[in-house]
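Spelled out from the first residue to the last, the chains are:
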Amino acid sequence: MRKNRSAALAAASFLLMTGAGIAAAPSAYAGTPGGTHANDRNSDFNGDGYEDVLVGAPGATVSGKKGAGLVTVQYGSSRGIGTTNAARFSQSTADVAGAAETGDAFGRAVATGDLDGDGYDDAIVGVPGEDLGTTKDAGGVAVLWGSKSGLSGAASDWLETQEPTADEQFGSALAAAHFTDETPGDLLAVLDRDDLELFGYDSAAQASLKQRSQQRLSARADQRDILPTSLTTGDYDDNGYADLVVSGVTVGDEPGHGWSSLLTGHADGLSYERDLRGGPVAASGDINNDGYDDLVTGEPHSPNDVYGETRTGGVVGVRLGGPDGPAADPDWWTQESAGVPGTAEVGDGWGTDLSVADTDGDGYADVAIGASGEDIGTVADAGAVWVLRGSAGGLTAAGAKSWDQNSADVPGVAEKGDKWGAQVRLTDPNRDGRFGLLASAPGENAGDGFVWVLSAGTGGITASGSWTYGADTLGAPSVAAAFGAAIDE
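A short tour of the structure in this document, coming up. Numbering of residues starts from 1 in each chain and follows the order in which that chain's sequence is written. Owing to the predicted nature of the model, reporting of local features is limited to residues with pLDDT of at least 70; listing and counting of side-chain atom pairs is limited to 80 or more, with chain, interface and lining totals taken over all residues. Hydrogens and water molecules were not included; the side-chain quantities draw on all heavy atoms of the structure.

### Section: the sheet that holds strand 19 (residues 294–299)
Using the following cut-off: Note on pairing: DSSP must find at least two bridges between two strands before they are called paired. Strands are runs of DSSP state E lasting at least 2 residues, helices are runs of H or I lasting at least 4, and numbering of each runs from the N terminus. Throughout, an axis means a line fitted to C-alpha atoms (over the contacting stretch in the case of helices), and angles, computed between N-to-C directions, take values from 0 to 180 degrees.
The strand order 18-19-22-23 describes an open sheet built from 4 strands, whose pairing is antiparallel. Whereas interior strands pair on both sides, the edge strands pair on one side only; in this sheet they are strand 18 (281–285) and strand 23 (331–333). Ignoring strand direction, the axes of neighbouring strands in this sheet form an average angle of 20°. Bridge analysis of strand 19 against strand 22 (residues 315–319) gives 5 bridges, and the strand direction is antiparallel.

### Re the packing of aromatic side chains
Put simply, the test is: Pairing of aromatic side chains requires ring centres within 6.5 Å, counting the rings of Phe and Tyr and the six-membered ring of Trp. Pairs whose planes differ by under 30 degrees are stacked, by over 60 edge-to-face, and all others tilted. Each residue gets one of three labels from its accessible area relative to the maximum for its type: buried under 20%, exposed over 50%, partly exposed in between, using a 1.4 Å probe on protein chains only.
Taken as a whole and judged by the stated rule, the model has 7 aromatic pairs. Consider the rings of F170 and F199, whose centres lie 6.3 Å apart with planes at 75°: the pair is edge-to-face. A residue pair is termed long-range when its members are at least 10 positions apart, and F170 in the loop between strand 8 (157–159) and strand 9 (173–177) and F199 in strand 11 (residues 196–201) qualify at 29 residues. A residue is classified by how much of its surface remains accessible, and F170, at 0% relative accessible area, is buried. A residue is classified by how much of its surface remains accessible, and F199, at 0% relative accessible area, is buried. Between the aromatic rings of Y469 and F483, the centroid separation amounts to 5.8 Å while the plane-to-plane angle is 65°, which identifies the pairing as edge-to-face. One end of the pair, Y469, is in strand 33 (residues 467–470); the other, F483, is in the loop between strand 33 and strand 34 (486–487), with 14 residues separating them in the sequence.

### Overview of the sheet that holds strand 30 (residues 450–454)
The sheet built from 4 strands is open, its strands ordered 28-29-30-33 with antiparallel pairing. Taken across any chain shown, the strands that pair with only one partner, and hence form the sheet edges, are strand 28 (423–427) and strand 33. On average, adjacent strands in this sheet sit at an angle of 20° to one another, irrespective of strand direction. Here strand 30 pairs with strand 33 via 4 bridges, running antiparallel. Across the sheet, V451 pairs through a bridge with Y469, a residue of strand 33.

### A few points about the pairing of strand 5 (residues 109–113)
Most of strand 5 is tucked away: 5 of the 5 residues are buried. Relative to strand 6 (residues 122–127), strand 5 runs antiparallel, the two sharing 5 bridges. Among the inter-strand pairings, A111 is bridged to a residue of strand 6, identified as I124.

### Structural notes on the side chain of E299
This is how the line gets drawn: Counted as a polar contact is a pair of N or O atoms within 3.5 Å, where, for protein atoms, one must be capable of donating a hydrogen and the other of accepting one, and residues adjacent in sequence contribute only when both atoms are in side chains.
The topology assignment puts E299 in strand 19. From its side chain, E299 meets the backbone nitrogen of G258 in a polar contact 3.0 Å long. A polar side-chain atom of E299 sits 2.8 Å from a polar atom in the side chain of R277.

### Examining the pattern of salt bridges
The test is simple: One side-chain nitrogen of Lys or Arg within 4 Å of one carboxyl oxygen of Asp or Glu is enough to make a salt bridge.
Evaluation of the coordinates by the stated rule reveals 7 salt bridges. Close ionic contact of E299 with R277 constitutes a salt bridge, the shortest N to O distance being 2.8 Å. Of the two residues, E299 is situated in strand 19 and R277 in strand 17 (residues 269–277); the sequence distance between them amounts to 22 residues. Taking the relative accessible area as the measure of exposure, E299 reaches 1% and is therefore buried. In this structure R277 comes out as buried when scored by relative accessible area, which is 7%.

What follows is the structure in structure tokens.
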């Protein structure tokens, strides 16, 4: 259980349910204060110019408490990431707010952003299973501040919602970026079961996040019941301010359809723009290299009807950015699309997770697609990963590749329930301009979880020389840890 350590309170509330309006609010990009585009993200906790990697293991046993959870950070260098220059954090770490407790799920969600504008990115850790007093699973968020020496538990901040309720799961998704000119650093958005709350750094109170003013901006253009589950950001209209996309699925009479709400950033705040078909997974990047971020959504468990067309096994939508933001009409992709490897089957989960970045240094962002439910031969839910390439015309299947644990040079063997590709992240920890692939299988080894590293060369992602690691490799508890259940985008 926890008491509120900082003066932070709910800033703005954002309901995605029928009859509710949109209130001000802002996936964790913005390495440098003022950065708004997806390619500005760098997760640089020690300010050395190299991307660092933040991984959540929400099932880890810490101080004897099952499911208390932890996170690991691997610091980038000219050699990329390894397993030696790493650190581990949990609620048993000195000076981290609170104490490790059963079922807290510290690390279920992770994000980064330079919240205080000091040039060092900060790590934001969701703890959706946190009990507050007698209120079970109210949730909370821990902020670990970056510095020249990297992350530290010292002076960590704690956030919780103003009026917690049971099973609210505050901290289930996180985002930070430069949405407005209201603060010198990035603003932090925190999602719970129903609402989105916004926090900003208070320069008058060091290492503290303060409430933002609450305002109702617009009634929803199209009213539908949506359960929000994820956040992503990008500057889709290239106005110098990051935009926010809140993604989820419909509930009620027509459940399971993916929808997202777009909030656009401006100097004086965020404003609700419109709803978009697609979700509950989303990622951003400049696929056609025109200066506008593009929005990619994943609907891994679509009810097989997208714009009146039957889809099977999951669908990915691509909306190119422009002066008016993401395009109204998306390009839809499935495993049945021409040139895409594989065959669409019910339960594949194509679009389980997404990441967008340039894997070959040609200036066009590529799209990594996870399908954690993909069967490999007769092995159910072993999982697989695809990479589709960007081009001047947008996403293309030319040169598309896919891998699973049975692919040549990929360590391991496809096993039932591994869910390889449950998380994918394209990252450039050696700063060579080509983003390699991290693919996690949180179900590996009966739920211990592992992460695979596939490098990038002039031809993009390659399995040659790929390697894998788990929580124990980094000196952390590994049994049933679900390591890789969250990787910062």
